[in-house]
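# Coordinates in review
Residue strings, one per chain:
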Amino acid sequence: MTSHLYQMVETTSCSSHLMKRVHEMRPKAGFQSLAEELQLYVLSLLSCRDILRCASVSKALRQTYLSSSELQYIVEFSGQGLLPVPNTHDHSPISKRLKRLRDKAHAWFNVDFRSFETVTVPLYSEHKYVADGHLYLWDQNEDLATIVPILPKPSQRTIQRNWSPGMLCSVSNSTNLDVFMDPAQNLKAVVYKVDHETLYIDLGALDCDSDHPQAAGRTLYLSGLPGYNDNRIQTASAKLRGFGRHLVLQRSVEVTVDHGTDIYYENMWQLQIWDWQHSTTSNSVITIKTLHGIGFCFLGNNRILIVADNNLKLYSIEDISQTPQLLACFLSPLPLSYIQCLLPMDDIEHRSPSHVQQTMYTSDAEHRLICLIASFPTRVFIISTRVFFNIDGTAAATPIPWNHWGPSNARIFEHHYSCKVHVSGNRVLQAFPVDASALNLNEYVLHMMDFSPLAAMNRRGLGRVVKETSTINFTDKLGESLTISTSLPYVEVVSDRKFSFDELKAMWINKDRIYLLNTNWTRTLTTLEVIDV
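Positions within a chain are numbered from 1, following the residues in the order the chain's sequence is written. The predicted nature of this model means local features are confined to residues of pLDDT at least 70 and side-chain atom pairs, given and counted, to a pLDDT of 80 or more, with totals for whole chains, interfaces and linings taken over all residues. Only hydrogens and water are removed before side-chain values are computed, so all heavy atoms of the structure are retained for them.

Labels follow the DSSP assignment, with helices taken as runs of H or I lasting at least four residues and strands as runs of E lasting at least two, numbered in each case from the N terminus. What the protein contains, in helices and strands, is 10 helices and 34 strands. When burial is assessed residue by residue, the protein has 53% of its 533 residues classed as buried. Counting contacts in the protein only where the partners sit at least 6 residues apart, residues at least 24 apart contribute 57% of the total. Type-normalised accessible area, obtained with a 1.4 Å probe on protein chains alone, sets the label of each residue: buried when under 20%, exposed when over 50%, and partly exposed for intermediate values. It only takes one pair of heavy atoms within 4.5 Å for two residues to be counted as in contact.

In this structure, Leu312, Phe330, Leu372, Ile383 and Phe388 are the most contacted members of the largest nonpolar core, which totals 30 residues. Broken down by secondary-structure element, the contributors of at least two residues to this core are β16 (303–308), β17 (311–316), β18 (325–331), β21 (369–374), β22 (378–384), α9 (402–405), β23 (410–415) and β28 (470–475). Not counting residues within four places of it along the chain, the set of residues in contact with Phe388 comprises Leu299, Arg303, Leu305, Leu312, Leu314, Phe330, Ile370 and Ile383. We call a set of buried residues a nonpolar core when its members are Ala, Val, Leu, Ile, Met, Phe, Trp, Tyr or Cys and they connect through side-chain atoms within 4.5 Å of each other.

What follows concerns the pairing of strand β13 (residues 262–275). For two strands to pair, DSSP has to find at least two bridges joining them. Of the strand pairs in this sheet, strand β12 (residues 246–259) and β13 are connected by 14 bridges, and their pairing is antiparallel. Within β13, the position partnered with His246 by the bridge is Asp275. Summarising the sheet, β13 and strand β14 (residues 284–289) pair through six bridges and their orientation is antiparallel. Bridge assignment links Ile273 to a residue of β14, and that residue is Ser284.

Turning next to the sheet that holds strand β5 (residues 144–149). Across a sheet, paired strands are connected by hydrogen bonds in the backbone, their directions being either parallel or antiparallel. In spatial order, the strands read β3-β4-β5-β6; together these four strands make up an open sheet with antiparallel pairing. Single-partner strands in this sheet number two, and they are β3 (127–131) and β6 (161–163). Ignoring which end each strand starts from, the neighbouring axes of this sheet average 10° apart. Bridging between β3 and strand β4 (residues 134–139) involves five bridges; their strand directions are antiparallel. Along β4, the bridge assignment pairs Tyr129 with Tyr136. Orientation is described by lines fitted to C-alpha atoms, with helices fitted over the stretch in contact, and by angles between N-to-C directions that extend from 0 to 180 degrees.

The next thing to look at is the side chain of Ser284. By secondary structure assignment, the location of Ser284 is in strand β14. In this structure, Ser284 is in contact with Leu271, Gln272, Ile273, Ile320, Gln322, Thr323 and Pro324, ignoring residues within four places of it in sequence.

Read these as layout, nothing more, since geometry by itself doesn't imply function.
Okay, structure coming up:
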């Protein structure tokens, strides 16, 4: 049975039919009179939810479930929102794999925030980010960059480099606007402009100065804004992000427009997506007119979510030779001004074969969380990605109202000032004031939240189960008072360690670690605390 495990985990398309057949067989053909091995095989083809439903039908089926490590492993695997990594094999007994999964999930409810190792961080960096076990630093003004491994494990592939001014991109008369580094794919991408006009993206290997062996070419070329003269377009900002074979450039532009004898300026945002391994050009472009900024995040390999103008638009990017296809539009009940979408740290789908062998599973893009941060006022939206995959063919034609998709699939948290938050898989790490009612909000504690369906079981008595509905009161532009309710359940554990909000600058989590970036102003020292889970 174990040899069929991964196939069973991924087999869900016919689960409802099988579930019906199980119920039909019980009174008529005597499902429970079948050989135990055959019962287990049929049950293993069901979804996690249907396995648990069958286990509740009778004491005998429940005992069948409790006596099978394989069925419990399927339920645990799916209930934690995980998928097996292709081309990896774990030959240990399934009972041990089940115990490891459960123990790992429980460990997140028992994190010791006082037990950590420290890495000193250079102060020069304007941009700091942690990804794939590396610390990435970049200072745009000085054109300095660094990537260093963070307390690497013996099996981890590491890259350590420093770039002095002019070394990130050697093109003459160019100015670097953003840098993206992906250690898992050994990729360095730099968006730059030449003579203050034309933008390009330079691709190269991260561990050396050579061309990337998998890239379609050294340079990616941008498309212009349809209907506008390139000489009248000025780039105000640019942000470069990537996921697997996709690179996305988000840029803010100011367009000079003639209106009779007058001249005025239009603010626009442009998103262009490349398959950098197969083409240096792209027709996959989205243009949005808005004054309040946009945000985006990947949902697996072939979908992208774009947040702008108080709605969330889901696009297919499977074919980058054409404009992204709109799949659905989800309406937000609250303003989404200057939105920030947190990108995942621990997705394995896009990693190189040598890298994925270090882990057996990754989070399922269809059953994880995304985090949206809106400003003025600061609100954190935690949303289950399942809502973006359970859509029908008519979803693109009519925007989906909040009450049809939001309340049971989201939680919204309000913050008085800027917030510290990060998300990984189905877990959220968020900083809240020790006393929210006090005028002095300098002391904060960290709240670890697990939104997976099995969190209540894996906590083993630790933390607090939150099922009750939470509400936010809001006054719209017309002065009408509205109440927004959300009820996505989770389990919460609050740390006993207090942090100064001025010192805690940022934090990140992945499936194995917590990273806390602290600044000691009296010693002018910035450190990265690393907590293994």
